[in-house]
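Given next are the chains, with one letter for each unit.
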4 protein chains.
Amino acid sequence: MTIHADTPPVSSATGRPLTKRGQETRRRLLEAAEQVFADLGYHEASIVKITEHAGVALGTFYLYFDSKQSIFEALVIDLNSRVRHSMSEAMAGATNRIEAEGLGFEGFFRFTAEHPALYRVVREAEFVSPATLKLHYERIVDGYRAGLDAAQRDGEIAAELDTEVVAWALMGAGELIGMRYLLWERDAEGRPPAKIDPAVLAGMSGFIARALRPDTTEGTDR
Amino acid sequence: MTIHADTPPVSSATGRPLTKRGQETRRRLLEAAEQVFADLGYHEASIVKITEHAGVALGTFYLYFDSKQSIFEALVIDLNSRVRHSMSEAMAGATNRIEAEGLGFEGFFRFTAEHPALYRVVREAEFVSPATLKLHYERIVDGYRAGLDAAQRDGEIAAELDTEVVAWALMGAGELIGMRYLLWERDAEGRPPAKIDPAVLAGMSGFIARALRPDTTEGTDR
Amino acid sequence: MTIHADTPPVSSATGRPLTKRGQETRRRLLEAAEQVFADLGYHEASIVKITEHAGVALGTFYLYFDSKQSIFEALVIDLNSRVRHSMSEAMAGATNRIEAEGLGFEGFFRFTAEHPALYRVVREAEFVSPATLKLHYERIVDGYRAGLDAAQRDGEIAAELDTEVVAWALMGAGELIGMRYLLWERDAEGRPPAKIDPAVLAGMSGFIARALRPDTTEGTDR
Amino acid sequence: MTIHADTPPVSSATGRPLTKRGQETRRRLLEAAEQVFADLGYHEASIVKITEHAGVALGTFYLYFDSKQSIFEALVIDLNSRVRHSMSEAMAGATNRIEAEGLGFEGFFRFTAEHPALYRVVREAEFVSPATLKLHYERIVDGYRAGLDAAQRDGEIAAELDTEVVAWALMGAGELIGMRYLLWERDAEGRPPAKIDPAVLAGMSGFIARALRPDTTEGTDR
DNA sequence: AATGAATGAGAATTCATTCAT
DNA sequence: GATGAATGAATTCTCATTCAT
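Since we're looking at a predicted model, the values are computed, not measured.

Draft legend 1. Quick peek at the side chain of A:Glu175. Its location among the elements puts A:Glu175 in helix α8 (residues 163–183). Accessibility expressed as a relative area gives 5% for A:Glu175, which makes it buried. At 2.3 Å, the side chain of A:Glu175 forms a polar contact with the side chain of A:Tyr137. Apart from the residues lying within four places of it in its own chain, the contact partners of A:Glu175 are A:Phe108, A:Tyr119, A:Val122, A:Arg123, A:Tyr137, B:Arg123 and B:Glu175.

This is how it looks when you write it as structure tokens:
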């Protein structure tokens with residue numbers, strides 16, 4: 001579970017650049033935060049728990065982050081860049097847009113299964129840091145939408161679709177499917193599934209394919 | 001904003017049946033809680049704020065509810081029954097299933113616009129009371145699914161759809177659309193819209209209609 | 001060491017009027033605060049120490065005061081009204097203004113000896129609550145000045161004196177004399193004096209009398 | 001604002017003599033401390049702020065001073081020697097003792113106007129380092145008193161005055177006048193006065209002159 | 001000499017819950 | 001039924017000081 005930063009100019013809470021040792025400590029705090037937030041949610045998590053998990057003293061936290069909220073925001077942003085990375089990687093092998101959507105969801109679900117923090121943390125962000133939450137969704141939706149727009153231009157999906165609305169709908173669909181079939185699902189021994197049930201993924205992909213496909217017959221769009 | 005209980009045998013925290021005066025107090029507490037939770041979210045809300053809003057003394061709260069969590073759960077359940085009522089009412093006028101889905105969403109969005117608490121409160125429930133959250137979603141999804149199953153039997157929607165997966169996807173899609181276009185949207189004066197933008201609703205309905213429509217007669221496409 | 005309030009409409013931190021029990025608790029907190037601030041100064045004092053001294057729980061403090069600063073301000077104001085009371089009582093028996101000034105100082109020193117908090121607390125107020133400090137000094141100075149003005153009108157003290165400047169000078173003189181000869185003075189056993197050394201008081205009174213006395217001779221000026 | 005030390009054998013916290021570079025660093029720390037303490041008071045000041053202001057690293061502080069309290073004491077002592085220097089310089093031109101007192105006050109006020117730190121810092125010393133505070137006052141008072149004693153011997157001031165008490169009284173009077181008319185006074189633009197209002201100085205000098213002047217015999221004054 | 005990361009005790013403050021009236 | 005004073009555990013955050021580099 002490495003934190004690969006979108007934010008290479010890593011700096012402390014006071015804005016100073018960090019020494020190597022400092023960067024290492026900051027990284028440990030972020031990883032601990034991911035774990036703790038994922039396990040307990042934002043409100044049950046505490047800075048004490050994060051620092052204990054990270055193996056540093058309480059005061060050390062404040063060398064790197066201003067507050068619980070600020071590490072939370074850093075984490076959401078980090079997770080966001082990782083999930084998008086995971087999705088675009090998954091979509092790379094697609095031969096057409098509709099297939100790409102399916103693969104994108106697969107990447108999304110894979111990331112979710114491996115990082116349940118994403119869900120928990122993001123959904124709690126609504127009250128904690130609405131702007132960050134918005135940013136998170138918008139970034140994903142923007143990516144979706146760009147793909148849908150391109151596909152529309154190429155005639156691979158129906159021209160009449162409102163790509164923005166569709167992108168938000170797909171985002172929401174994916175989120176709830178992930179919650180239902182990954183976070184809530186338990187096998188016989190009460191363990192969460194390592195990956196999403198292929199049947200569910202197929203059902204989801206089929207649903208999307210049907211919604212997106214261009215209107216039949218001789219001449220398609222508009 | 002009346003609380004019309006699904007739970008008519010209203011009783012106090014101690015399990016005793018309530019006098020008329022008691023029922024009135026309980027109702028005022030629930031209404032205050034809806035307001036306060038909607039405004040502040042679960043964690044920022046406090047029992048003092050709820051009782052102040054309700055115009056009763058702090059101690060009175062505990063005559064009616066065991067804890068902060070318990071009034072929260074009561075509220076989620078109440079809201080759930082109200083939103084489902086709102087949706088089925090909206091769907092009543094439909095002439096076919098696909099139209100019904102669109103109308104159902106309209107009802108859902110209308111309720112959301114009028115009761116933003118639903119969103120906020122429900123999404124926070126994940127950590128506060130996961131079982132209640134599950135129950136909330138499952139109740140709605142079950143309704144959806146029953147409709148989809150019936151429609152499938154009647155050939156009004158595609159037979160190959162996995163109705164359970166579709167129901168969860170639609171639930172998620174509706175939730176995020178509502179969040180994006182109702183809760184986050186602001187007009188020029190910074191006021192939230194009273195109802196959802198018809199274009200968005202149309203986009204959403206079209207999206208769903210495309211996804212659900214049966215495959216064209218003689219030869220299914222693709 | 002009773003707190004006799006200038007502020008009879010005693011109310012809690014939230015502004016509500018208090019029950020009898022509440023008033024009693026508030027009083028105990030103020031008395032404890034006087035003790036603790038006097039012993040330790042503002043910064044070393046802590047709310048825990050105050051509540052322990054008062055024999056109430058930590059949280060109880062916040063039912064009555066917003067913050068450490070707010071109880072401090074309440075205390076300064078209370079002490080101010082008490083010291084002025086003590087001074088005017090002492091001056092009551094005087095047959096002329098110059099004698100009154102001497103007796104006023106005596107009252108001031110007596111109060112200081114009995115309530116060392118006044119000094120300590122007031123002098124620390126400069127950074128903690130400058131407005132309160134100003135108010136404290138101004139109230140005393142205003143009293144002084146009014147007396148001096150009246151005496152001037154009656155020809156009991158020199159007409160050429162700038163009564164405002166003199167009032168501030170006397171206030172400062174009294175303060176430092178009190179500090180030096182009451183707070184810092186220790187007898188053979190290391191105990192503070194119960195009252196000021198009469199010789200010092202005489203020296204001080206003489207000094208003031210000389211400064212204030214009207215210019216000699218036949219006809220007082222103006 | 002140079003720190004001209006009374007303590008030429010400057011040494012580090014460990015007692016070692018300092019190199020030239022070390023002396024420079026120490027000086028910068030003291031100057032920064034004067035600024036920071038003056039602006040924020042003792043408790044709000046922090047070592048980080050002092051080192052940042054001085055442009056050195058945090059750890060460097062402890063090469064030169066044992067603790068926050070120790071730099072504070074060094075500063076009080078430095079300020080004390082400077083204010084006394086300023087006063088004796090001002091008194092140098094006097095032709096008699098009573099005039100000298102007036103000029104001394106003028107010097108005191110001038111220093112105060114230029115170095116508001118003196119006040120703020122000294123008055124906070126009561127709890128932080130009582131011994132240092134005592135020392136500060138005693139040094140000034142001793143100077144005063146020596147002058148008064150000499151004047152008494154020469155018959156320039158009244159023989160019956162208790163010079164020690166008078167010296168303390170004058171010290172206190174000067175302090176409060178300075179606080180009131182320099183530190184609290186603000187012109188129309190909210191800026192502090194660069195020097196004391198001449199009318200106040202005259203009022204103060206007159207007050208002192210009256211108090212000190214020898215008793216008439218046949219006809220002394222004016 | 002200088003640096004700055006790390007420490008951890010201690011401070012203020014909040015709030016769900018209890019209970020005597 | 002209703003009240004509201006009291007509780008105290010838990011939380012966030014600060015900062016003087018230490019020490020390895």
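Draft legend 2. Expanded view of the protein's contact with DNA strand E. Around DNA strand E, a shell composed of 33 residues is seen, among which A:Thr25, A:Ala57, A:Tyr64, D:Thr19 and D:Tyr64 lie nearest. Sugar and phosphate atoms represent 68% of those atoms of DNA strand E found within 4 Å of the protein. Between DNA strand E and C:Ile47 there is a distance of 3.3 Å, counted from a phosphate oxygen to a backbone nitrogen or oxygen. Contact distances for DNA strand E include 2.9 Å between a phosphate oxygen and a backbone N or O atom of D:Ala57. Where the surface near DNA strand E is concerned, the elements lending two or more residues are α1 (20–44) and α3 (58–64) of chain A, α2 (47–54) and α3 (58–64) of chain C together with α1 (20–44) and α3 (58–64) of chain D. Per-class residue counts for the surface near DNA strand E are 16 nonpolar, 12 polar and 5 charged.

Draft legend 3. Representation of the protein's contact with DNA strand F. In the vicinity of DNA strand F there are 37 residues, among which B:Thr19, B:Tyr64, C:Thr25, C:Ala57 and C:Tyr64 approach most closely. Each atom of DNA strand F within 4 Å of the protein was classed as base or backbone; sugar and phosphate made up 66%. Within the backbone of C:Gly59, a nitrogen or oxygen atom sits 3.2 Å from a base nitrogen of DNA strand F. Looking at the surface near DNA strand F, the elements that each hand over two or more residues are α2 (47–54) and α3 of chain A, α1 (20–44) and α3 (61–64) of chain B, α1 (20–44) and α3 of chain C together with α3 of chain D. Among the elements that line the surface near DNA strand F, the one with the most residues is α3(C), at 5 residues. Looking at the surface near DNA strand F residue by residue, the classes come out as 20 nonpolar, 12 polar and 5 charged.

Draft legend 4. Here's a closer look at the relation of the copies chain C and chain D. Least-squares fitting of chain C to chain D yields an RMSD of 0.1 Å, with the transformation described by 0.0 Å of translation along the axis and a rotation of 180°. A rotation of that kind, with that shift, is consistent with a two-fold axis. By residue overlap, the copies meet face to face through one surface: 100% of the interface positions of chain C are interface positions in chain D.

Draft legend 5. Fine view of the confidence of the model for chain A. Residue and element names in this part refer to chain A. Per-residue pLDDT for chain A averages 87, and the proportion of residues at 70 or more is 90%. Counted against residues more than four places away or in other chains, residues 1–9, with its pLDDT under 50, gives 19 contacts. Contacts from residues 218–222, a stretch scored under 50 in pLDDT, to residues over four places away or in other chains number 5 contacts.

Draft legend 6. Looking closely at the packing of aromatic side chains. Inspection of the entire model under this criterion finds 46 aromatic pairs over all chains. Judged by centre distance (6.3 Å) and plane angle (45°), the rings of A:Tyr137 and B:Trp184 are tilted. Highlighted residues: A:Tyr137 in helix α7 (residues 130–153) and B:Trp184 in the loop between α8 (163–183) and α9 (198–212), drawn from two different chains. The residues A:Tyr137 and B:Trp184 share a single accessibility class, namely buried. By way of ring pairs, the aromatic residues A:Phe105, A:Phe108, A:Phe109 and A:Tyr144 are connected into one cluster. Over the ring of C:Tyr181 we find C:Arg180; its NZ or CZ atom is 4.6 Å from the centre of that ring.

Draft legend 7. Broad picture of the interface of chain A and chain B. Contacts between the two partners involve 47 residues from chain A and, on the opposite side, 47 residues from chain B. Carbon and sulfur atoms make up 64% of the area that chain A and chain B hide from each other, which totals about 4,200 Å². Three residues, A:Phe127, A:Phe207 and A:Arg210, lead the burial of chain A against chain B; their summed loss comes to 19% of the area buried on that side. In this assembly, chain A and chain B are joined by 12 salt bridges. The salt bridge involving A:Asp215 is made with B:Arg210; its shortest N-O contact spans 3.1 Å. The interface formed by chain A and chain B contains 16 residue pairs in polar contact (both at pLDDT 80 or more). Among the secondary structure elements, those contributing two or more residues to the side of chain A that touches chain B are α1, α6 (117–128), α7, α8 and α9 (198–212) of chain A. Broken down by class, the residue content of the side of chain A that touches chain B amounts to 28 nonpolar, 5 polar and 14 charged.

Definitions and limits used
Residues numbered from 1 in each chain as written. Chains lettered and ligands numbered in written order. Predicted model: local features only at pLDDT ≥ 70, side-chain atom pairs only at ≥ 80, totals over all residues. Heavy atoms only, no water. Helix = DSSP H or I, 4+ residues; strand = E, 2+ residues; numbered from the N terminus. Buried < 20%, exposed > 50% of the residue type's maximum accessible area, 1.4 Å probe, protein only. Polar contact = N/O pair within 3.5 Å; in protein donor to acceptor, adjacent residues only side chain to side chain. Contact = heavy atoms within 4.5 Å. Near = heavy atom within 4 Å. Nonpolar A, V, L, I, M, F, W, Y, C, P; charged D, E, K, R; others polar. Least-squares fit on C-alpha atoms with pLDDT ≥ 70 in both. pLDDT = per-residue confidence, 0-100. Phe/Tyr/Trp six-rings, centres within 6.5 Å; stacked < 30°, edge-to-face > 60°. Lys NZ or Arg CZ within 6 Å of the ring centre and 35° of its normal. Buried area = accessible area lost by both parts, 1.4 Å probe. Salt bridge = Lys/Arg side-chain N within 4 Å of Asp/Glu carboxyl O.

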